[in-house]
Amino acid sequence: QVQVVESGGGLVQPGGSLRLSCAASGSIYRINTMAWYRQAPGKQRELVASITSYARSNTADSVKGRFTISRDNAKNTVYLEMNSLKPEDTAVYYCNANIYTTMWEGDTYWGQGTQVTVSS
């Protein structure tokens, strides 16, 4: 059994910062790519940033220069540091992880989501 749990969302004023965390736990053999997605009301879920197990990362143009993804492989945790937040960053943020429970068996797991609201 594998669980992926996000934390760190909340209400912040425009220009503020938040740090999201996502920890994977359970019967884990290895974790490949971990990523953050977000979904605003009435919009499709979109990729915000991703990072491989070798720390190669990609960030969406809409958040480049403001958001930074990182991970701690020893803790099976991925982070999203969000700075200079804008109202348009308001969304539910989801963690996504490609997790192998054995050398051959892998699947994609999603967290339950954490709400980020940017408003004055």
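Residues numbered from 1 in each chain as written. Predicted model: local features only at pLDDT ≥ 70, side-chain atom pairs only at ≥ 80, totals over all residues. Heavy atoms only, no water.

Focus: the sheet that holds strand S3 (residues 18–26)
The pairing of strands in a sheet happens through backbone hydrogen bonds and is either parallel or antiparallel. Stated formally: At least two DSSP bridges between two strands are required for those strands to pair. Helix numbering and strand numbering both begin at the N terminus, where a helix is a DSSP run of H or I of at least 4 residues and a strand a DSSP run of E of at least 2. Fitted lines through C-alpha atoms give the axes, limited to the stretch in contact for helices. The angle between two N-to-C directions lies from 0 to 180 degrees.
Strands sit in the order S1-S3-S8-S7 across an open sheet of four strands; the sheet is antiparallel. The open sheet has two edge strands with one neighbour each: strand S1 (2–7) and strand S7 (67–72). Recorded for the sheet is a direction-independent mean angle of 15° between the axes of neighbouring strands. Taken together, the six bridges between S1 and S3 define a ladder with antiparallel strand orientation. Opposite Val-2, over in S3, you have Gly-26 as the bridge partner.

Things to note about the pairing of strand S10 (residues 106–110)
Alignment of strand S9 (residues 91–100) against S10, held across five bridges, turns out to be antiparallel. By the bridge assignment for S10, Tyr-100 is matched with Gly-106. Between S9 and S10, which pair antiparallel one after the other, the connecting turn spans five residues.

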